[in-house]
Amino acid sequence: METIAIQDKIFKRSIAASEIQSMVTDIAARMNYDLEGDDVVFVAILNGAFMFASDLIRKIKVNCRITFLKLASYQGSNSTGIIKQLIGLNEVLKDKTVVIVEDIVDTGITLDTVLRQIESFQPKEIKVAALLFKPDVYTFSHRIDYVGFNIPNEFVVGYGLDYNGYGRNLEHIYTITD
Ligand code: 5GP
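1. Remarks on the overall build of the protein chain
Turning to step 1, where the next piece is worked out: Counting its regular elements, the protein chain contains 3 helices and 10 strands.
Turning to step 2, where the next piece is worked out: The helix and strand sequence of the protein chain, counted from the amino end, reads β-β-α-β-α-β-β-β-α-β-β-β-β.
Turning to step 3, where the next piece is worked out: Classification of the 178 residues of the protein chain by burial places 48% in the buried group.
Turning to step 4, where the next piece is worked out: Residue pairs in contact within the protein chain that sit at least 24 positions apart in sequence constitute 65% of those at least 6 positions apart.

In structure tokens form, the structure reads like this:
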């Protein structure tokens, strides 16, 4: 079993790059079938989804645009605490088929925030793709149309995902060991 150290943690390899690549190819093929004839805007959520989005989009054959969104957290002036706001949503989404591209869906709070704000632009349809999904901790009911891998509730790094900013460059996905 291949292990790596990132700062104070040890991670073991859990999904090989070859498995990731064939999953990305499968998802792209399904999208090419489902989205044929649509006017599509891919919205990739930074930072974590940059690698998945980059591999996915180059296999997409339908007419599309791609944009990147960053979620910034800031302390609100009222008592509600952390508020997340979308930065960079400047594409015209009205009447378009929007595909949200996420690296991982955990509780689903991020996805819920993104969905609610994208809905306000009145797209024709919104589809969601997540390379990784943790079904055991998902607390929302939004459908995730394209899931790469269902994984247990354990912390993972690699293929865009980080631990304290490190590990995004890794081609495989690694799971934390205790
Ligand atoms: P959610 O809002 O669904 O709870 O969490 C989504 C965000 O939390 C992801 O976009 C990602 O940034 C972070 N996240 C959740 N689980 C993991 C994980 O196992 N590893 C890493 N590196 N980030 C995670």
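From this point on, the discussion continues.
2. Things to note about the site of the ligand
Turning to step 1, where the next piece is worked out: Neighbouring the ligand are 15 residues, the closest being T107, G108, T110, V156 and D162.
Turning to step 2, where the next piece is worked out: Contact between the ligand and I109: an oxygen atom at 3.5 Å from a main-chain N or O atom of the residue.
Turning to step 3, where the next piece is worked out: Among the elements of the structure, β6 (97-105) and α3 (109-119) are those that each provide at least two residues to the shell around the ligand.
Turning to step 4, where the next piece is worked out: At 4 residues, β6 tops the list of elements feeding residues into the shell around the ligand.
Turning to step 5, where the next piece is worked out: A per-class count over the shell around the ligand returns 6 nonpolar, 3 polar and 6 charged.

3. Points about the environment of K9
Turning to step 1, where the next piece is worked out: Here K9 shows up in strand β2 (residues 9-15).
Turning to step 2, where the next piece is worked out: Classification of K9 by relative accessible area gives partly exposed; the value is 29%.
Turning to step 3, where the next piece is worked out: Non-local contacts of K9, meaning those with residues more than four positions away in its chain, are made with I4, Y163 and I176.

4. Quick word on the confidence of the model for the protein chain
Turning to step 1, where the next piece is worked out: Residues at a pLDDT of 70 or more form 89% of the protein chain, whose mean pLDDT is 91.
Turning to step 2, where the next piece is worked out: In this model residues 75-81 is a low-confidence stretch, pLDDT under 50, and it forms 5 contacts with partners more than four residues away in sequence or in other chains.

5. Focus on the environment of V157
Turning to step 1, where the next piece is worked out: Along the chain, V157 turns up in strand β9 (residues 156-157).
Turning to step 2, where the next piece is worked out: Its relative accessible area of 0% is what places V157 among the buried residues.
Turning to step 3, where the next piece is worked out: With 146 residues separating them along the chain, V157 and F11 place their C-alpha atoms 8.1 Å apart.
Turning to step 4, where the next piece is worked out: Those residues within four positions of V157 in sequence are excluded, and the remaining contacts are I6, F11, D162, Y163, L170, H172, I173 and Y174.

Rules and cut-offs
- Residues numbered from 1 in each chain as written.
- Predicted model: local features only at pLDDT ≥ 70, side-chain atom pairs only at ≥ 80, totals over all residues.
- Heavy atoms only, no water.
- Helix = DSSP H or I, 4+ residues; strand = E, 2+ residues; numbered from the N terminus.
- Buried < 20%, exposed > 50% of the residue type's maximum accessible area, 1.4 Å probe, protein only.
- Contact = heavy atoms within 4.5 Å.
- Near = heavy atom within 4 Å.
- Polar contact = N/O pair within 3.5 Å; in protein donor to acceptor, adjacent residues only side chain to side chain.
- Nonpolar A, V, L, I, M, F, W, Y, C, P; charged D, E, K, R; others polar.
- pLDDT = per-residue confidence, 0-100.

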